[in-house]
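Examination of the molecular architecture
What follows is the residue order along each chain.
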Amino acid sequence: MAKGGKEQRVRIKLKSYDSRIIDLSASNIVDTAIRTGAKVVGPIPLPTKVERFTVIRGPHIDKRSREQFELRTHKRVIDVLNPTPSTIDNLSRLNLPAGVGISIRM
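Quick notes on the rules
- Residues numbered from 1 in each chain as written.
- Predicted model: local features only at pLDDT ≥ 70, side-chain atom pairs only at ≥ 80, totals over all residues.
- Heavy atoms only, no water.
- Salt bridge = Lys/Arg side-chain N within 4 Å of Asp/Glu carboxyl O.
- Helix = DSSP H or I, 4+ residues; strand = E, 2+ residues; numbered from the N terminus.
- Buried < 20%, exposed > 50% of the residue type's maximum accessible area, 1.4 Å probe, protein only.
- Patch = residues over 30% accessible without salt bridge, like charges linked within 9 Å, V, L, I, M, F, W, Y side chains within 5 Å.
- Areas by Shrake-Rupley, 256 points an atom, 1.4 Å probe, with all protein chains shown as cover.
- Lys, Arg positive; Asp, Glu negative; His and termini not counted.
- Charge placed at Lys NZ, Arg CZ, Asp CG, Glu CD.
- Polar contact = N/O pair within 3.5 Å; in protein donor to acceptor, adjacent residues only side chain to side chain.

Moving on, we come to the pattern of salt bridges. In this structure the tally under the stated criterion is six salt bridges. Of the charged contacts in the structure, one is a salt bridge between Glu-70 and Arg-52, with a shortest N-O distance of 3.2 Å. Of this pair, Glu-70 sits in strand β3 (residues 66–81) while Arg-52 is found in strand β2 (residues 39–56), placing the two residues 18 residues apart along the sequence. Its relative accessible area of 62% is what places Arg-52 among the exposed residues. Put simply, Arg-93 and Asp-89 hold a salt bridge, and the shortest N to O gap is 2.5 Å. Each of the salt bridges in this network shares a partner with another, and the network as a whole consists of Arg-52, Glu-70 and Arg-72.

What follows is the structure, given as structure tokens:
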């Protein structure tokens, strides 16, 4: 317990278009935090954001022929409770694969 009886918390948010990569990154972060002696809550999956785009196939004729695409953004949240200085240091030096956006808030 720190700061007048309140737990310290580090919140890690992950975003990716690929669900397998984000799950691997989340398990990597959880393993690192547990190995350095911090308590971990998560990974908590947040709702997937789906953006859909409809495009006319041909530029000149047949307006009824359309193609649809979608872009899925997967999100996860991990809370690290009572992190030690080594936990924060190891998490900041963690090497995550390309395609995973990470934001760390204390």
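Picking up where we left off.
Right, let's get into a positive patch on the surface. Judged by side-chain charge, Arg-9, Lys-13, Lys-15, Lys-49 and Arg-105 come together as a positively charged surface patch. No other element matches strand β1 (residues 9–16), which puts three residues into the positive patch. Looking at the element boundaries, Lys-15 is found in strand β1.

Tracing the backbone shows Ser-86 in helix α2 (residues 85–92). Sequence separation of Ser-86 and Ala-38 is 48 residues, and the distance between their C-alpha atoms is 9.7 Å. Only 3.1 Å separates the side chain of Ser-86 from the side chain of Thr-84, close enough to count as a polar contact.

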